[in-house]
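Here's the letter readout for the chains.
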Amino acid sequence: MRHGVIVIAVLGAMPALAQDADRDAFVTRGALAGDQLWLRNDQGELSTIRVNGKERVPRPIAQPVADICAFDGAALAVSVEDDGTWVVFRPEHAEQERVSIKPVAPNGGPILDCRSGVISIVGSQQLATLDRFGAGAVPHTVKLSKPIGRGISTAVYGDAGHLYVGTGNGEFGGGLWVVDRFTGVVTGGDGEDDLMRGCDEAAGELGCSSINDFAAIPWKPGCVAVAIGLQHMMSSGALVELCGSSFRQLYRSPYTSGWMRSVLQGRRSPETVPFYGLLAKPGSLLVAGLDRLYEIGPKGLMSTDEYPEFTSIGGVDVSFGRPDVILVRTAVSQHKALSSETPLMVPR
């Protein structure tokens, strides 16, 4: 891991790498449309659960779905045709309205963001933006100045001028890219570039290990919060602020894994809580940590809250117990890390 921290321990009590686990538990994205929670797994398969329901319903789609989001009260999805064309559609009515986007270069799997009032679709070498969905919608497309990487998990968030992309690849680290919407100029990467160095310094001893989510900072217009978190051998995480190209740590919390206590024998743990999800609220940020929910404001930690009870619905652990978010447990990080299941937040 980064910064030279080495731990040697008996691994019998640690989480195991996923092997033959039910693939339905490998949820990469959730989106709420009306009373339906849409889920995508890492095989590109979709399913839905009615809010407060007890059944998960498969939603077969001809092509594997690359990503989903919620826009204008409906679920949207993007898939890739055999010739590389991106197709944006409503999975509820997959064969009806469709918007096609021709690739400018081999593009990898596209990812979606719908949180800023527009639809953003970004691949490894192209960004397309739609200001609406439906008949006559015309995408604005730009070629990226350098490729964007992909991870086992990929976070994306757009504001008026930029798109932020973060990746997590378990023990192999992550990356951070910032894309200018209008020019396609990309800064950042997954190596020792200036943006990642700034993120590392703000995050603390174990660095910017894996980027899991973004959100606008309610009390600081133009700035973005970045949720960082990784559980592999040791747990690490931080919440940092990104304003332009400058980083600052917003919050970090000490943590000690169960297996680590026997190793440390009373000594201070080097671990910190991994953070996985973000929701911007009026005046605060709701943050999904490995151990609990945190509410962060302009002066730091405001409160913490235990996770509500989860129910297994068709092989996926879900909680409808909060008014602001639906919570889903996912095993996707277990592909490349010694990790337990981690929380995924879906805004209501």
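Enquirer: Break down the overall build of the chain for me, citing the residues and quoting the values.
Expert: Of the regular secondary structure elements, the chain holds two helices and 28 strands. By sequence separation, contacts in the chain at least 24 residues apart represent 46% of the contacts at least 6 residues apart. Counting only carbon and sulfur atoms, one obtains 51% of the accessible surface of the chain, whose full area is about 14900 Å².

Enquirer: Break down the pairing of strand β28 (residues 342-347) for me, citing the residues and quoting the values.
Expert: Among the six residues that make up β28, five are buried, leaving the element largely enclosed by the rest of the structure. Taken together, the six bridges between strand β27 (residues 325-330) and β28 define a ladder with antiparallel strand orientation. Bridge pairing links Arg329 to Pro343 in β28.

Enquirer: Please set out the nonpolar core residue by residue, giving values where relevant.
Expert: With 20 residues, the main nonpolar core has Phe214, Ile228, Val240 and Phe247 as its most contacted residues. Breaking this core down by element, the ones donating at least two residues are β13 (153-158), β15 (174-180), α1 (194-203), β17 (211-216), β18 (224-232) and β19 (234-243). A total of five residues in this core trace back to one element, the largest contributor, which is α1. Dropping the residues within four chain positions of it, Phe214 is found in contact with Arg115, Ala155, Val156, Tyr157, Tyr164, Val165, Gly166, Leu176, Val224, Ala225, Val226 and Leu278. Ranked by size, the runner-up nonpolar core spans 18 residues in total, among them Ala225, Val273, Leu278 and Val287.

Enquirer: Report on the packing of aromatic side chains, specifying residues and quantitative values.
Expert: Going through the model one piece at a time under the given rule, you end up with six aromatic pairs. Arranged with centres 5.4 Å apart and planes meeting at 80°, the rings of Phe275 and Tyr294 form a pair that is edge-to-face. You can see Phe275 sitting in strand β21 (residues 275-281) and its partner Tyr294 sitting in strand β23 (residues 293-297), a full 19 residues away along the chain. Taken together, a centroid distance of 6.3 Å and an interplanar angle of 55° make the contact between Tyr307 and Phe310 tilted. Ring-pair connections join several aromatic residues into one group, and the members of that group are Tyr157, Tyr164 and Phe214. A cation over a ring is seen here: Arg98 above Phe89, with NZ or CZ 5.6 Å from the ring centre. A cation over an aromatic ring shows up here: Arg329 above the ring of Phe310, its NZ or CZ 3.9 Å from the ring centre.

Enquirer: Can you tell me about the environment of Arg181, naming the residues and giving the values?
Expert: With respect to the helices and strands, the residue Arg181 is situated in the loop between β15 and β16 (186-189). Arg181 sits in the buried class, given a relative accessible area of 6%. Each C-alpha atom of the pair Arg181 and Leu163 lies 6.6 Å from the other, and the pair is 18 residues apart in sequence.

Enquirer: Can you break down the pattern of salt bridges residue by residue, with the values?
Expert: Counting across every chain of the model gives 17 salt bridges. Two residues, Asp291 and Arg292, come together in a salt bridge whose shortest N-O distance is 3.4 Å. You can call Asp291 partly exposed: its relative accessible area is 23%. Here Arg292 falls in the partly exposed class, since its relative accessible area comes to 27%. Its salt-bridge partner being Asp317, residue Arg329 comes within 3.7 Å of it at the nearest N-O pair. Residue Arg329 is located in strand β27, and its partner Asp317 is located in strand β26 (residues 316-319); the two are separated by 12 residues in the primary sequence. According to the relative accessible area criterion, Arg329 is partly exposed, its value standing at 33%. By sharing partners, the salt bridges in this structure join Lys281, Asp305, Arg322 and Asp324 into a single network.

Enquirer: Explain unusual backbone geometry residue by residue, including any values.
Expert: Apart from glycine, the bulk of residues carry a negative phi angle, and the bulk of peptide bonds sit in the trans form. Unusually for a residue other than glycine, Asn52 sits at a positive phi of about 65°. For Asn52, the location among the structural elements is in the loop between β3 (46-50) and β4 (56-59).

Enquirer: Could you give an account of the state of the cysteines, with specific residues and numbers?
Expert: Counted according to the given criterion, the structure contains three disulfides. Here Cys199 is linked by a disulfide to Cys208, with a sulfur-sulfur distance of 2.0 Å. On the sign convention where negative means left-handed, the S-S torsion of about 40° between Cys199 and Cys208 marks this disulfide as right-handed. Each member of the pair Cys199 and Cys208 is classed as buried. By sequence order of its bonded cysteines, the chain has the disulfide arrangement 1-2, 3-4, 5-6.

Criteria and thresholds
Residues numbered from 1 in each chain as written. Predicted model: local features only at pLDDT ≥ 70, side-chain atom pairs only at ≥ 80, totals over all residues. Heavy atoms only, no water. Helix = DSSP H or I, 4+ residues; strand = E, 2+ residues; numbered from the N terminus. Contact = heavy atoms within 4.5 Å. Areas by Shrake-Rupley, 256 points an atom, 1.4 Å probe, with all protein chains shown as cover. Buried < 20%, exposed > 50% of the residue type's maximum accessible area, 1.4 Å probe, protein only. Pairing = 2+ DSSP bridges. Core = buried A, V, L, I, M, F, W, Y, C linked by side-chain atoms within 4.5 Å. Phe/Tyr/Trp six-rings, centres within 6.5 Å; stacked < 30°, edge-to-face > 60°. Lys NZ or Arg CZ within 6 Å of the ring centre and 35° of its normal. Salt bridge = Lys/Arg side-chain N within 4 Å of Asp/Glu carboxyl O. Disulfide = S-S within 2.5 Å.

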